[in-house]
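Listed here are the chains, written in short residue letters.
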Amino acid sequence: MKKTLLVTGAALSAALLLTACGGGTVGESSSGDSGAKTNNKKLSLIPGVQAEPFYISMQCGAEAEAKKSGYEITTQAPQKFDAAMQTQLVNALGSNPPAALLIAPTDAQAMLAPIQQVKTRGAKIIEVDTALKDTGVAESSISSDNAEGGKLAAKTLAELAAGKSGSVLVLDTIAGTSTTNTRAKGFEDELKNYPNLKSAGVQFTQNEPDQAASKVTAALASTPDLIGIFATNLNTGEGAATGLRNAGKIGAVNLVGFDASPSEIEGLKKGEYQGLIAQDPASIGQQGVQQAIAALEGKPVTRNLTASLHSITKANMDANAQYFYKQSC
């Protein structure tokens, strides 16, 4: 069963106060016995948002690796992909943080200060999926090669277009989100290699499906030759599919999404998506825990690691079923 802890900032602070009332820092015993290390097996994972299959799959990989290695990991996720909400969870770790914090920063700059505070209190920082702009904070950063993911999406859409000419819209999430912004740039760069396809620009959806649907509705009205849409994550993809469905354009405009959640896979089967770029979030979680443990145990740490990416279409989806995301562990 999935063990995500959906805890409010206040409740989490109270729980941490009860468990850490003796004070102390990472690696120290609350009883003052230097031989006992109360926190050296405790890890925390703070993903980008709760109840999203990508992050659930990441959590599953992290939990399995932690258990195998004799470490304990707990997960708290913000209700939205929002820096203020995530900051509350980071701050709630209090003065007695875990030995290592695995986190997917929701903003490359806004999350710097709260994460830096946790590091100052003695925790090792491991970035998973997203990263801070400041590369001096984390011990290791594990993510997909998002530029390559964007390029793979452009190649997939070009194959789907089969030489037909038209415009292509990119739906990104929030300015300042390192992963999706890089995917969008990679897509735009690769699109230049296909003279039959021209960019209709990049629009931000604030990671809200209803905004993505509205952007698609507007694009269909303003761009009569719209032939394709690249949605940089789950929420933008689901919103784009809704916009196309409402306009009666399912299948007429090729939709390539990013990720392989259960809803996206079902959409691929139904023809709402024509392609998906699947990451390997379980591997990101697994590698994140491995790097955290290496940092804690004084072993070599790799600063940057990447996970594989896979282009999935209706024609090859059965062969790529191992990359479908989970809804529970």
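Our structure's up above, just so we're on the same page.
Nothing here was measured: the structure is a model prediction, and the numbers come from that model.

Quick notes on helix H2 (residues 53–69)
Look at H2: 24 Å from first C-alpha to last across 17 residues, which is about the 24 Å you get at 1.5 Å a residue. Taken across its 17 residues, H2 has 13 buried, putting it largely inside the fold. Positive phi shows up at Gly-70, right after H2, with a value of about 80°.

Concerning the side chain of Ser-143
Assignment of secondary structure puts Ser-143 in strand S5 (residues 140–144). Excluding residues that lie within four positions of it along the chain, Ser-143 makes contacts with Asp-129, Ile-284, Leu-305, Thr-306 and Ala-307.

Re helix H7 (residues 209–222)
Helix length check: H7, at 14 residues, gives a terminal C-alpha distance of 20 Å against a target of 20 Å (1.5 Å per residue), a fit within 8%. Turning to H7, the residues buried within the fold contact strand S6 (166–172), strand S8 (226–231) and helix H8 (234–246).

Some thoughts on the sheet that holds strand S7 (residues 197–204)
Strand order across the open sheet formed by 6 strands is S7-S6-S8-S9-S10-S12, with mixed pairing between neighbours. This sheet does not close on itself; its edge strands, each paired only once, are S7 and strand S12 (310–312). Along the sheet, successive strands turn relative to each other by an average axial angle of 20°, direction set aside. When S6 meets S8, the two strands line up parallel, connected through 5 bridges. Across the sheet, the residue bridging to Val-168 is Gly-228, located in S8. Helix H6 (residues 178–191) contacts S6, S7, S8 and strand S9 (254–258) of the sheet and is inclined by roughly 165° relative to S6.

Section: the packing of H2 against helix H10 (residues 281–296)
At a minimum axis separation of 6 Å, H2 and H10 run at an interaxial angle of 40°. For the element pair H2 / H10, the angle class is oblique. H2 and H10 meet at a crossing whose hand is right-handed. Between H2, through Phe-54, Ser-57, Met-58, Gly-61, Ala-62, Glu-65, Ala-66 and Ser-69, and H10, the contact on the second element is made entirely by Pro-281, Ala-282, Ile-284, Gly-285, Gln-286, Val-289, Gln-290 and Ile-293. Looking at the contact of H2 with H10 residue by residue, the classes come out as 9 nonpolar, 6 polar and 1 charged.

Procedures and definitions
- Residues numbered from 1 in each chain as written.
- Predicted model: local features only at pLDDT ≥ 70, side-chain atom pairs only at ≥ 80, totals over all residues.
- Heavy atoms only, no water.
- Helix = DSSP H or I, 4+ residues; strand = E, 2+ residues; numbered from the N terminus.
- Expected span 1.5 Å × (residues − 1).
- Buried < 20%, exposed > 50% of the residue type's maximum accessible area, 1.4 Å probe, protein only.
- Contact = heavy atoms within 4.5 Å.
- Pairing = 2+ DSSP bridges.
- Axes fitted to C-alpha atoms, helices over the stretch in contact; angles between N-to-C directions.
- Parallel < 35°, antiparallel > 145°, perpendicular 65-115°, else oblique.
- Left-handed = near helix turned anticlockwise from the far one by under 90°.
- Nonpolar A, V, L, I, M, F, W, Y, C, P; charged D, E, K, R; others polar.

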